[in-house]
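What follows is each chain in one-letter form.
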Amino acid sequence: MLKVEAGQRVRAGLLGGPLGAGWIVALEGEGVRLRFEAEGEAPAPPELSLVLALPRPKVLSRVLQAAASFGLRRIDLVNAWKVEKSYFDSPRLAPARLREDLIAGCEQGAHTWLPELAVHRRFLGYLEGLPPPGGEARVFAQIGSARSLGAVLPAAGAVSLLVGPEGGLLASEEESLHEAGFRGFALGTPVLAVPVAVAVALGQVALLRGPGSVPEPGSRAIL
């Protein structure tokens, strides 16, 4: 936690609400009491959701914090054939600890949208619970795909991005994803660990969807 003093001004925000300024009123044990003044309106919900094959518990916090820093509407942690079943019994999945990780990610990303989070012990159960394709674009990182993310990501609208386990998805799992409306894309040629793959995939979405992704009329690239 950053060291603060009474009377100090800090950046602050309300979960799901606006960003603003906070003035420290008093220090109370390990907490603080502050006065908050909003600056602007509450942000619109993010359009991006992450579906993630449950990684090793010792890297889960790092992955969730990094993912939440991008600003996500929702995170679904799912099973897969190459996910160790014991991961689902880890104390790292306690709701309070997951919430701490998501809040830390929001603080790092300087935004207030705390993603909804759900854990699914059955891969097919998660897919069967999805609404019919059409309300959002669905994409997944696929080893060996000939398509880039830019080839399957629409310019606007809601998106669900799936990143599988480090060992990859089975052909049958990929087929189930296709049936649920997911389109595969390649992150690149290197074999990436899950924390890196998640950061790379979300970074690519941010690059493709963010400011400057479409050249302005008459602009020239500088090489």
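Residues numbered from 1 in each chain as written. Predicted model: local features only at pLDDT ≥ 70, side-chain atom pairs only at ≥ 80, totals over all residues. Heavy atoms only, no water.

A. Fine view of the overall build of the chain. When helices and strands are tallied, the chain shows six helices and nine strands. Based on the C-alpha atoms only, the size of the chain along its principal axes is roughly 60 × 55 × 35 Å. Considering only intrachain contacts with a sequence separation of at least 6, the fraction spanning at least 24 residues in the chain is 66%. Total accessible area on the chain is roughly 12800 Å²; 56% of this is exposed by carbon and sulfur atoms. (Helix = DSSP H or I, 4+ residues; strand = E, 2+ residues; numbered from the N terminus. Contact = heavy atoms within 4.5 Å. Areas by Shrake-Rupley, 256 points an atom, 1.4 Å probe, with all protein chains shown as cover.)

B. Representation of the nonpolar core in the model. Formed by 50 residues in total, the largest nonpolar core has its most connected members in Leu50, Leu161 and Val198. Excluding anything up to four places from it in sequence, leucine 161 contacts Leu48, Ser49, Leu50, Val51, Val139, Phe185, Ala201, Leu202 and Val205. (Core = buried A, V, L, I, M, F, W, Y, C linked by side-chain atoms within 4.5 Å. Buried < 20%, exposed > 50% of the residue type's maximum accessible area, 1.4 Å probe, protein only.)

C. Layout of the packing of helix H1 (residues 57-69) against helix H6 (residues 194-209). Close contact between H1 and H6 brings their axes to 10 Å; oriented N to C, the two are set at 5°. When the interaxial angle is binned, H1 and H6 end up roughly parallel. Contact residues: Val59, Arg62, Val63 and Ala67 in H1; Pro195, Val198 and Leu202 in H6. Each residue belonging to the contact of H1 with H6 can be placed in one class, and the counts come to six nonpolar, no polar and one charged. (Axes fitted to C-alpha atoms, helices over the stretch in contact; angles between N-to-C directions. Parallel < 35°, antiparallel > 145°, perpendicular 65-115°, else oblique. Nonpolar A, V, L, I, M, F, W, Y, C, P; charged D, E, K, R; others polar.)

D. Just the sheet that holds strand S8 (residues 159-163), in detail. Here six strands make up an open sheet; going across it, the order is S6-S5-S4-S8-S7-S9 and the pairing parallel. Each edge of the open sheet carries a strand with a single partner, namely strand S6 (116-120) and strand S9 (182-185). Adjacent strand axes in the sheet meet at a mean angle of 20°, parallel and antiparallel pairs treated alike. As judged from the five bridges shared by strand S4 (residues 48-53) and strand S5 (residues 74-78), these two strands associate in the parallel manner. Opposite serine 49, over in S5, you have arginine 74 as the bridge partner. (Pairing = 2+ DSSP bridges.)

E. Geometry of the environment of leucine 153. With respect to the helices, strands and loops of the structure, leucine 153 is situated in the loop between helix H4 (149-152) and S8. Between the C-alpha atom of leucine 153 and that of glutamate 166, which follows or precedes it by 13 residues, the distance is 23 Å. If we ignore the near neighbours within four places in the chain, the residues touching leucine 153 are Val159, Val205, Leu208 and Arg209.

F. Examining the pattern of salt bridges more closely. Counting across every chain of the model gives 10 salt bridges. Taking the shortest distance from any N to any O, the salt bridge between glutamate 116 and arginine 74 comes out at 3.1 Å. With a gap of 42 residues between them, glutamate 116 in strand S6 and arginine 74 in strand S5 connect regions that are remote in the sequence. Of the residues examined, arginine 74 reaches a relative accessible area of 27% and is grouped as partly exposed. Linking arginine 121 and aspartate 89 is a salt bridge whose minimum nitrogen-to-oxygen distance equals 3.1 Å. Here arginine 121, found in the loop between S6 and helix H3 (123-128), pairs with aspartate 89, found in the loop between S5 and helix H2 (95-109); they are 32 residues apart in sequence, far enough to count as distant. (Salt bridge = Lys/Arg side-chain N within 4 Å of Asp/Glu carboxyl O.)

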